[in-house]
Amino acid sequence: MTTLLDEGALTAARAWCAGAPVEVHEKLGSTNDRVAELAAAGAPEGTLVIAREQTAGRGRRGRTWASPRGGLYFSFLLRPSPESLQGPPATLVAGLALCQALEGLTPPDARPQLKWPNDVLIRGRKVSGILGEMSLVDGSNCLILGLGINVEAVELPSELREIATHLEEVGATPTRAQVLSAFFLAFGAWHTRLSDAAGRTSLLEEAAVRMPNLGQPIRLRLPNEVVEGVFAGLNPSGGLLLTRADGSQRAYLAGEVESARTA
Ligand code: BTN
């Protein structure tokens with residue numbers, strides 16, 4: 001795998017943000033940080049930064065994101081309207097788009113799954129994480145979506161070896177350029193469809209069917225408590241609907257899902 005970019009395929013896949021600039025770096029601190037700099041300087045929606053390696057990759061909840069060579073790390077800018085922020089979160093859209101992209105690039109016994117809210121797993125292990133960072137710049141919303149995808153075999157920190165995987169390990173050897181183009185093709189299609197209610201409903205259905213534990217008992221780990229119930233589906237905002245033992249139902253917008261199935 002030698003190239004990060006097949007410019008023609010990527011341009012076609014990103015027709016929804018035609019003309020937005022693309023930067024490719026061998027090594028960068030964090031692609032999210034670089035997009036934030038460009039956003040502050042007025043960069044348009046779709047501005048994309050790709051790196052082969054990150055020295056200060058960031059994950060959710062203040063974690064670091066190990067970013068050695070062998071992975072694909074990229075971030076891009078959205079400038080969402082206030083109305084679009086009412087619908088499913090862009091991180092969920094990105095997670096679904098990545099699942100769909102990888103479905104065309106992985107063998108049948110290595111189907112990607114979407115672990116709510118937006119981790120992509122293969123065979124129960126994490127192959128990609130997504131970080132969404134929202135800010136207000138000069139009075140307009142800026143949302144930066146950053147994706148880290150484990151593509152080739154890499155030396156992972158010991159604490160990640162049991163819970164992470166990479167595409168090569170599951171028998172998939174796409175180029176980074178193929179992954180990138182397939183992702184943007186799927187993301188762009190949803191981006192266009194999300195302006196109507198039917199598109200939003202379809203997105204939630206497509207996302208839910210790819211979620212492990214749907215319809216099953218789960219534990220949802222929240223910052224100060226753990227709640228248990230059946231994962232009943234997604235609400236219109238992409239929140240997880242949990243049905244408790246007493247039949248009541250509540251939606252959660254964040255949390256860590258664990259299976260509560262007894263063997
Ligand atoms: C997670 O914790 O699961 C989210 C990980 C997100 C990592 C990506 S790699 C590209 C972009 N740049 C960063 O610093 N983080 C995101």
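1. Observations concerning the overall build of the protein
Regarding its fold elements, the protein presents five helices and twelve strands. For the C-alpha atoms alone, the extent of the protein along its principal axes is close to 55 × 40 × 35 Å. On the protein, roughly 12,200 Å² of surface is accessible, and the fraction owed to carbon and sulfur atoms is 52%. Seen as two clouds, the 25 positive and the 28 negative side-chain charges of the protein have centres 3 Å apart.

2. What about helix 3 (residues 90-103)?
The end-to-end C-alpha distance of helix 3 is 20 Å, a good match for the 20 Å that 14 residues give at a rise of 1.5 Å each. Of all 14 residues in helix 3, twelve are buried; the element is thus mostly enclosed.

3. Focus: the site of the ligand
Looking at the ligand, there are 20 residues lining it, with Ser-30, Gln-54, Arg-58, Arg-60 and Lys-126 nearest. For the ligand, an oxygen atom lies 2.7 Å from a polar atom in the side chain of Ser-30. Contacts to the ligand include Thr-31, whose side-chain N or O atom sits 3.1 Å from a nitrogen atom. About the coverage of the ligand: the protein hides 99% of its 420 Å² of free accessible area. Where the shell around the ligand is concerned, the elements lending two or more residues are helix 2 (31-40), strand 3 (71-78), strand 6 (125-137) and strand 7 (140-150). Ranked by residues supplied to the shell around the ligand, first place goes to strand 6 with four residues. Class assignment of the residues belonging to the shell around the ligand gives a composition of six nonpolar, ten polar and four charged.

4. Considerations on the environment of Cys-142
The residue Cys-142 is located in strand 7 in this model. Residue Cys-142 is classed as buried on the basis of its relative accessible area, which comes to 1%. Expressed as a C-alpha distance, the spacing of Cys-142 and Gly-188, which sit 46 residues apart in the sequence, is 18 Å. Beyond its immediate stretch of four places on either side in the chain, Cys-142 contacts Ala-39, Leu-77, Leu-78, Arg-79, Glu-133, Met-134, Ser-135 and Val-137.

5. Describing the packing of aromatic side chains
Under the definition given, this model contains eleven aromatic pairs. Each member of the aromatic cluster is reached from another via a ring pair, and the members are Trp-16, Phe-74, Phe-76, Phe-183, Phe-184 and Phe-187. In this structure, Arg-14 packs its charged tip against the face of Phe-184, placed 5.0 Å from the ring centre.

6. Thoughts on unusual backbone geometry
Here the bond from Trp-116 into Pro-117 is cis, since omega is 5°, no more than 30 degrees from zero. Within the secondary structure, Pro-117 sits in the loop between strand 4 (112-115) and strand 5 (119-122). The residue Asp-138 is not glycine, and still its phi comes out positive at about 50°. In this fold, Asp-138 is placed in the loop between strand 6 and strand 7. Phi at Asn-213 is positive, roughly 80°, even though this residue is not glycine. Looking at where Asn-213 falls in the secondary structure, it is placed in the loop between helix 5 (197-209) and strand 8 (217-221). According to the relative accessible area criterion, Asn-213 is buried, its value standing at 16%.

Procedures and definitions
Residues numbered from 1 in each chain as written. Predicted model: local features only at pLDDT ≥ 70, side-chain atom pairs only at ≥ 80, totals over all residues. Heavy atoms only, no water. Helix = DSSP H or I, 4+ residues; strand = E, 2+ residues; numbered from the N terminus. Areas by Shrake-Rupley, 256 points an atom, 1.4 Å probe, with all protein chains shown as cover. Lys, Arg positive; Asp, Glu negative; His and termini not counted. Charge placed at Lys NZ, Arg CZ, Asp CG, Glu CD. Expected span 1.5 Å × (residues − 1). Buried < 20%, exposed > 50% of the residue type's maximum accessible area, 1.4 Å probe, protein only. Near = heavy atom within 4 Å. Polar contact = N/O pair within 3.5 Å; in protein donor to acceptor, adjacent residues only side chain to side chain. Nonpolar A, V, L, I, M, F, W, Y, C, P; charged D, E, K, R; others polar. Contact = heavy atoms within 4.5 Å. Phe/Tyr/Trp six-rings, centres within 6.5 Å; stacked < 30°, edge-to-face > 60°. Lys NZ or Arg CZ within 6 Å of the ring centre and 35° of its normal.

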